[in-house]
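Commentary on secondary and tertiary structure
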2 protein chains.
Amino acid sequence: MKKIFFTVLIFSFIFFHIENLFSQDGKDALSVIFGRKSVRNFTGESVSKENLDVILKAGMSAPTAVNKQPWSFVVVTDRMTLDKLSDSLPSAKMLYKAGAAIIVCAIPEKAINGSAEFAVIDCSLAGENILLAIEALGLGGLWTACYPDNARMETVRSILGIPSDIIPLNVIPIGHPEGETKPKDKFKPENIHWGKW
Amino acid sequence: MKKIFFTVLIFSFIFFHIENLFSQDGKDALSVIFGRKSVRNFTGESVSKENLDVILKAGMSAPTAVNKQPWSFVVVTDRMTLDKLSDSLPSAKMLYKAGAAIIVCAIPEKAINGSAEFAVIDCSLAGENILLAIEALGLGGLWTACYPDNARMETVRSILGIPSDIIPLNVIPIGHPEGETKPKDKFKPENIHWGKW
């Protein structure tokens, strides 16, 4: 009987953990979408290469018009470049304590009809996937805009060597969150039109 | 002893299911991001109000520049309007078998600096959240573009009574998938620049 007891215990343990063993991450999708928030305070710790790979894969999983994938991702992890970006971008001061940054770059030439509008939209979707992957991994981050501000785009291009025909859409600081940030509840029924405007 | 056996069995059952009881949905976030695909074939079944509410809440959970939320969502579920949109939009023929459609509308006037660019980006992020929520719920959908095509925007405005200063960004058909669509693997290391461009 003792044998049965322990057999059941062991099997129920395996049964409980088997889902987690096969899933990439425990957090369910809707909770991550609803729970994502803009995290501005970081501990200063670095972000692992493994996590950055997952985040970049998430970015490249976004849909693009006619599957053109008109994007490129610059990943910054070295302290000096993060500080330099932080010095030059008033909107991205949180980079001083971030462990990494991803700059989503839109490539109009690669987009459908060579369209900058489509390149920017496609890359915006990639950017949202990146923000959600950051949340799913228990890290923090936020979208700080470059486009459509010409001065910010020029700053980022010059620090990172990005060609002039490429649009640096944003700078996404990524890090280990310090303190707690609560997600905003932005659900407003008045923003929904049922049937017609 | 039999008592202990059943007690353990019952407790392990509860223990296993307690996570699912509290989570909104079983699918983990990264699997949904990696597994999302553009679904074009639907069964014709309707989409429940509960699911549409979850999908709209996901849309409104996206970040927006300076929290302006420059968006509005038109939700179409009646057969006649879905067919009318399908008749008029060559890019959205899948609406004939879809159960619903969401049109994400960008409102430049509400965006930071009254900027159409920011309104479009903010609404693109909302659109990606909508696509991911559709995937998370086991439904299917895809982004069919209106903006930046003037003719398509005019068509959608006229059918749905959308004012001329509002940008109908897309039409997202939503339905119960027919057949299986596999996600594309778009991870390309050559699209990543480590350190610098």
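Residues numbered from 1 in each chain as written. Chains lettered and ligands numbered in written order. Predicted model: local features only at pLDDT ≥ 70, side-chain atom pairs only at ≥ 80, totals over all residues. Heavy atoms only, no water.

**A word on the environment of isoleucine 102 of chain B**
Residue and element names in this part refer to chain B. Relative to the elements of secondary structure, isoleucine 102 occurs in strand E2 (residues 100-106). Isoleucine 102 gets classed as buried once you look at its relative accessible area, which sits at 0%. In sequence terms isoleucine 102 and lysine 184 are 82 residues apart; their C-alpha atoms lie 24 Å from each other. (Helix = DSSP H or I, 4+ residues; strand = E, 2+ residues; numbered from the N terminus. Buried < 20%, exposed > 50% of the residue type's maximum accessible area, 1.4 Å probe, protein only.)

**Topic: the pattern of salt bridges**
Pairing between side chains of opposite charge can happen when the charged atoms of each approach one another. Residues and elements named next belong to chain A. Taken as a whole and judged by the stated rule, the model has ten salt bridges over all chains. Note that lysine 49 and aspartate 53 form a salt bridge whose closest N and O atoms lie 2.9 Å from each other. Taken together, the positions of lysine 49 and aspartate 53, both in helix H3 (residues 49-59) and four residues apart, correspond to about one turn of that helix. Exposure remark for aspartate 53: the relative accessible area of 25% places this residue in the partly exposed category. Where lysine 182 meets glutamate 180, a salt bridge forms, and the shortest distance between an N and an O atom there is 3.9 Å. (Salt bridge = Lys/Arg side-chain N within 4 Å of Asp/Glu carboxyl O.)

**Quick notes on the environment of threonine 64 of chain B**
Inspection of the secondary structure puts threonine 64 of chain B in the loop between helix H3 (49-59) and strand E1 (71-76). For the pair threonine 64 of chain B and asparagine 150 of chain B, spaced 86 residues apart in sequence, the C-alpha to C-alpha distance is 24 Å. Apart from the residues lying within four places of it in its own chain, the contact partners of threonine 64 of chain B are Lys186 of chain A together with Gln69, Pro70, Trp71 and Asp122 of chain B. (Contact = heavy atoms within 4.5 Å.)

**Observations concerning unusual backbone geometry**
Geometrically, the link from tyrosine 147 of chain A to proline 148 of chain A is a cis peptide bond, its omega value of 5° lying close to zero. Residues other than glycine seldom take positive phi values, yet valine 66 of chain A does so here, at roughly 50°. By the element assignment, valine 66 of chain A lies in the loop between H3 and strand E1 (71-76). Phi is positive for asparagine 113 of chain B, close to 55°, though the residue is something other than glycine. With respect to the element layout, asparagine 113 of chain B can be found in the loop between E2 and helix H5 (116-136). By relative accessible area, asparagine 113 of chain B is classed as exposed at 71%.

**A short note on the interface of chain A and chain B**
One frequently used descriptor of interface size is the decrease in accessible area upon assembly of the parts. Between chain A and chain B, the contact holds 81 residues from the first and 81 residues from the second. Across the chain A/chain B interface, buried area totals approximately 7200 Å², and carbon plus sulfur atoms make up 69% of it. The interface formed by chain A and chain B contains zero salt bridges. The interface formed by chain A and chain B holds 26 residue pairs in polar contact (both at pLDDT 80 or more) in total. Of all the secondary structure elements, the ones that give two or more residues to the side of chain A that touches chain B are helix H1 (2-22), helix H2 (29-35), H3, E1, helix H5 (116-136), helix H6 (150-160) and strand E7 (192-194) of chain A. Top element by residues in the side of chain A that touches chain B is H5 of chain A. It accounts for twelve residues. Residue composition of the side of chain A that touches chain B, grouped by class: 49 nonpolar, 16 polar and 16 charged. (Buried area = accessible area lost by both parts, 1.4 Å probe. Polar contact = N/O pair within 3.5 Å; in protein donor to acceptor, adjacent residues only side chain to side chain. Nonpolar A, V, L, I, M, F, W, Y, C, P; charged D, E, K, R; others polar.)

**What to know about the pairing of strand E2 (residues 100-106) of chain A**
Residues and elements named next belong to chain A. Counting buried residues in E2 gives seven out of seven residues, a clear majority hidden from the surface. Inspection of the sheet shows E1 paired to E2 by six bridges, in the antiparallel sense. Each bridged residue has a counterpart across the sheet, and for valine 74 the counterpart in E2 is isoleucine 103. Summarising the sheet, E2 and strand E6 (residues 170-175) pair through three bridges and their orientation is antiparallel. (Pairing = 2+ DSSP bridges.)

**Description of the side chain of aspartate 28 of chain B**
All names here are of chain B. Relative to the helices and strands, aspartate 28 is located in the loop between helix H1 (2-22) and helix H2 (29-35). The side chain of aspartate 28 sits in the buried core without any salt bridge; lysine 27 is the nearest counter-charge, 9.9 Å away. For aspartate 28, the side chain forms a polar contact with the main-chain nitrogen of leucine 30, separated by 3.3 Å. (Lys, Arg positive; Asp, Glu negative; His and termini not counted.)

**Focus: H5 of chain A**
Residues that lie three or four places apart on an α-helix share one face, since the helix turns once every 3.6 residues. Residues and elements named next belong to chain A. For H5, built from 21 residues, the straight-helix expectation of 30 Å at 1.5 Å per residue is met to within 8% by its first-to-last C-alpha distance of 30 Å. Counting buried residues along H5, 19 of its 21 residues qualify, which places the element largely inside the surrounding structure. Where H5 starts, the residue carrying a side-chain oxygen 3.3 Å from the main-chain nitrogen of glutamate 117 turns out to be serine 115. Count one or two residues on from H5 and you reach glycine 138, which has phi positive near 80°. (Expected span 1.5 Å × (residues − 1).)

Geometric values such as these leave the question of function open.
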